[in-house]
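Observations on the model geometry
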Amino acid sequence: MKAFTRVFSVMKGGLLLLMLLFSQSSLAHQMSTSYLSVHLDKYGQIQGDWQVRFFDINQVVPIDDNQDGELAWGELQAHQIAIVDYLRSSLTISREQDCPLSFNPTQQVDQHFSEGYLVSSFQAECDSPGVLTINYQAFFNIDTDHKVITTIATPDHQYTRVISNDNPIILINLAESQFSDTFTEYVYQGVIHIWKGTDHILFLLALLLTCVLVREQQKWHAIDKPKQIFKDTAWIITAFTLAHSVTLTATALGLINFSSHWVELGIALSVLFAALNNVWPIVLRLGWITFAFGLLHGMGFAGVLGELGLPENQKLLAILAFNVGVEIGQLAILALVLPVLMFLRHTLWYRHWGMQLGSIAIGLMAIQWSVERF
């Protein structure tokens, strides 16, 4: 009885977690992101562009005067001075001493992932020697998950870094190419993306739910030998890894290019299929199916990598590092989930109800994503 109570508590906690993810699922790919480009020539002249979301700007400098939920060009122009003042106060670039930024009065607009962005250009003189320091303090007070994709270009090297609330100041030694820093940065971003990509996590979870079970005589039975569980799990994870590594690399290098709209819809449908296949099994050997769906997920990963940007002289390194990060994040999830499922596999409740309820919860989220992305 105590064992059943423990199992029920574990599954109840899992279902509550799934419900929480469901409530946040529509935000899975809608992060607050800015884009900062800094070009430094050999004479110390800086030319830069800073792209910020209309939504983020409106949170700190209210510009939607008529409160209609739409930002018109006239409203942006009317608040241009306030916007520039905020941007200037939130960004500092220095090399041993401050390099005062001068923002252009003329602004432009751009778009990323169907969201409007305001583009502000700036200039500065920064001919001092030493490490280039960028101190960014915008928007963190309204969104601690805000990220800044930062590209620094010099005549000799190009660097890509991600500024966040936990790391608002970056230092770049312009005399070094910093391969190790680039590798570390992209590994980190790969890990973070798989952990924040709810659809990718739930696809893996849907596959793992039955890795500890075998289907015989139209019923699910526990696999007794742990060795067999590890073998089956390794085959599925390997198929998924190989597939998404191929398309991630090919897409990032521009060898293939599919519409992100249909890729995201395909990912949602892959989660739905994996979940429903647990409840009404059609495919029992998931290796090749996992490989096929992994190709879609790889293109989804590549979309995030494209938003991060690839340093021109370190493209392959950045792609490799991001791939490594995705695998590390994926293995961390596996290390947490598989021992729990191995513990639960011998319980009647899990075989008859727990796995199915978990799959249905995942399927409901996938249906919501499919409707939103259609």
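In case you missed it, the structure is sitting above this.
What comes next concerns the included structure. (Residues numbered from 1 in each chain as written. Predicted model: local features only at pLDDT ≥ 70, side-chain atom pairs only at ≥ 80, totals over all residues. Heavy atoms only, no water.)

On the surface, W353, L357, I360, L364, I367 and V371 cluster together into a nonpolar patch covering about 590 Å² of accessible area. Assignment of secondary structure puts I367 in helix α11 (residues 348-373). Residue class for I367 comes out partly exposed when judged on its relative accessible area of 42%. (Patch = residues over 30% accessible without salt bridge, like charges linked within 9 Å, V, L, I, M, F, W, Y side chains within 5 Å. Areas by Shrake-Rupley, 256 points an atom, 1.4 Å probe, with all protein chains shown as cover. Salt bridge = Lys/Arg side-chain N within 4 Å of Asp/Glu carboxyl O. Helix = DSSP H or I, 4+ residues; strand = E, 2+ residues; numbered from the N terminus. Buried < 20%, exposed > 50% of the residue type's maximum accessible area, 1.4 Å probe, protein only.)

Tracing the chain through its elements places T150 in strand β9 (residues 147-153). Judged by relative accessible area, which is 0%, T150 ranks as buried. Those residues in contact with T150, other than ones at most four positions away along the chain, are L36, I134, Y159, T160, R161, I163 and I170. (Contact = heavy atoms within 4.5 Å.)

Strands in a sheet are paired, the pairing made by backbone hydrogen bonds, and the direction either parallel or antiparallel. Ordered by their spatial adjacency, four strands build an open sheet running β4-β3-β8-β11, and the pairing between neighbours is antiparallel. Of all the strands in the sheet, just β4 (97-98) and β11 (169-172) have a single pairing partner and so form its edges. Here helix α4 (residues 80-90) sits on the sheet in contact with β3 (91-95) and β8 (132-136), set at roughly 40 degrees to β3. (Pairing = 2+ DSSP bridges. Axes fitted to C-alpha atoms, helices over the stretch in contact; angles between N-to-C directions.)

Every buried residue belonging to α4 is among Q80, I83, V84, Y86, L87 and S90, and all of these are buried. Buried positions in α4, seen along its axis, are confined to an arc of 160 degrees and lie on one side of it. More than 90 degrees from the buried face of α4, the exposed residues found are I81 and S89. (Arc of directions from axis to C-beta.)

A word on the environment of T210. Relative to the helices and strands, T210 resides in the loop between α6 (198-208) and β12 (213-216). Sequence spacing of T210 and S120 is 90 residues, and the spatial spacing of their C-alpha atoms is 51 Å. Setting aside residues up to four positions removed in sequence, T210 forms contacts with W220, N278, L286 and M355.

In this section: the packing of α6 against α11. Interaxial distance between α6 and α11 falls to 11 Å at its minimum, and their mutual angle equals 140 degrees. Compared by their axis directions, α6 and α11 come out oblique. Here α6 and α11 pass one another in a crossing that is left-handed. Across from T198, D199, L202, L205 and A206 in α6, the residues of α11 making contact are I362, M365, W369 and R373. Here the residues of the contact of α6 with α11 sort into six nonpolar, one polar and two charged. (Parallel < 35°, antiparallel > 145°, perpendicular 65-115°, else oblique. Left-handed = near helix turned anticlockwise from the far one by under 90°. Nonpolar A, V, L, I, M, F, W, Y, C, P; charged D, E, K, R; others polar.)

Before going further, it helps to examine the packing of aromatic side chains. Applying the stated rule across the entire model yields eight aromatic pairs. Note on F203 and F240: the rings are 5.4 Å apart at their centroids and 40 degrees apart in plane angle, and the pair reads as tilted. A residue pair is termed long-range when its members are at least 10 positions apart, and F203 in helix α6 and F240 in helix α7 (residues 226-252) qualify at 37 residues. Judged on exposure class, the residue F203 and its partner F240 are both buried. By the ring-pair criterion, three or more aromatic residues cluster together here, those being F203, F240, F273 and F293. (Phe/Tyr/Trp six-rings, centres within 6.5 Å; stacked < 30°, edge-to-face > 60°.)

Time to look at the environment of T92. Its location among the elements puts T92 in strand β3. Residue classification places T92 among the partly exposed residues on the basis of a relative accessible area of 31%. As for T92 and R53, which are separated by 39 residues in sequence, their C-alpha atoms are 20 Å apart. The contact partners of T92, leaving out residues within four places of it in the chain, are D98, T133, I134 and N135.

Let's shift gears to the pairing of strand β2 (residues 45-53). Pairing between strand β1 (residues 33-40) and β2: six bridges, direction antiparallel. Among the inter-strand pairings, Y35 is bridged to a residue of β2, identified as Q51. Linking two consecutive strands that pair antiparallel, namely β1 and β2, is a turn of four residues; a positive phi of about 85 degrees is found at G44 within it. Pairing of β2 with strand β7 (residues 115-125) involves nine bridges; the strand directions are antiparallel. Bridging across to β7, Q45 finds its partner in E125.

Structurally, T33 can be placed in strand β1. Apart from the residues within four sequence positions on either side, T33 is in contact with R53, D56, Y117, H146, K147 and I149.

Moving on: the state of the cysteines. Under the counting rule described, the total for this entry stands at one disulfide. Bridging C99 to C126, the disulfide has an S-S length of 1.9 Å. A torsion of 60 degrees about the S-S bond marks the disulfide between C99 and C126 as right-handed. Here C99 is found in the loop between β4 and β5 (102-103), whereas its partner C126 is found in the loop between β7 and β8, with 27 residues between them in sequence. Each of the two residues, C99 as well as C126, counts as buried. (Disulfide = S-S within 2.5 Å.)

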